[in-house]
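Commentary on secondary and tertiary structure
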Amino acid sequence: RGCARCRYTGYQGRIAVVEMLLLDEYMRNALINHSTSHQIRRISIEKSGLITLLEAGIIKASQGKTTISEVMRCLPQLSDPRSLPELLRLAGY
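Residues numbered from 1 in each chain as written. Predicted model: local features only at pLDDT ≥ 70, side-chain atom pairs only at ≥ 80, totals over all residues. Heavy atoms only, no water.

1. Some details on the packing of helix H3 (residues 53–62) against helix H5 (residues 84–91)
Applicable threshold: Fitted lines through C-alpha atoms give the axes, limited to the stretch in contact for helices. The angle between two N-to-C directions lies from 0 to 180 degrees. Secondary structure follows DSSP: runs of H or I at least 4 residues long count as helices, runs of E at least 2 residues long count as strands, and numbering of each begins at the N terminus. Reported orientations rely on four angle classes, namely roughly parallel under 35 degrees, roughly antiparallel over 145, roughly perpendicular from 65 to 115, and oblique for the rest. In this description, contact between two residues means that some pair of their heavy atoms is separated by no more than 4.5 Å. Each residue is assigned to one class: nonpolar for Ala, Val, Leu, Ile, Met, Phe, Trp, Tyr, Cys and Pro, charged for Asp, Glu, Lys and Arg, and polar for all the others, Gly among them.
The interhelical angle for the contact between H3 and H5, taken along N-to-C directions, is 95°, at an axis separation of 10 Å. As the angle between them shows, H3 and H5 are arranged roughly perpendicular. Counted together, Glu55, Ile58, Ile59 and Ser62 of H3 and Leu84, Leu87, Leu88 and Ala91 of H5 form the full contact between these two elements. Of the residues assigned to the contact of H3 with H5, the class counts are 6 nonpolar, 1 polar and 1 charged.

Next comes the structure, spelled out in structure tokens:
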């Protein structure tokens, strides 16, 4: 499917894939205690429901907005992603 304009991919343009760090009590305490960036990331994932860039890309791919190969090519894999049902629940879908 697709056309010459999209090079027969069915996709056109770019989409944003974002990661948003919430500054809540858990993050406040981690920052006050001079936690490492790895610890801050782990706390934000486990306690604040952070959806990582890779996980956000997986959600976009599941919605047909991009391909999983493009997600894997462009986004960092710093840890194993959670399951798609869990990601969709966290994202409010």
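2. Here we look at the pattern of salt bridges
Pairs can form between side chains of opposite charge whenever their charged atoms are close. Put simply, the rule reads: Any Lys or Arg side-chain nitrogen located within 4 Å of an Asp or Glu carboxyl oxygen qualifies as a salt bridge.
Under the defined criterion, the tally for this structure stands at 6 salt bridges. Ionic pairing is found between Glu19 and Arg41, a salt bridge with its closest N-O pair at 3.2 Å. Remark: Arg41 occurs in helix H2 (residues 37–48) and Glu19 occurs in the segment before helix H1 (25–32); sequence separation between them is 22 residues. Taking the shortest distance from any N to any O, the salt bridge between Glu55 and Arg82 comes out at 2.6 Å. With Glu55 in helix H3 and Arg82 in the loop between helix H4 (68–74) and H5, the pair connects residues that are 27 residues apart, well separated along the chain.

3. Considerations on the environment of Arg7
Short version of the rule: Only protein chains enter the accessibility calculation, which uses a 1.4 Å probe. A residue is then buried if its area is under 20% of the maximum for its type, exposed if over 50%, and partly exposed in between.
Within the secondary structure layout, Arg7 lies in the segment before H1. The exposed category is assigned to Arg7, whose relative accessible area is 74%.

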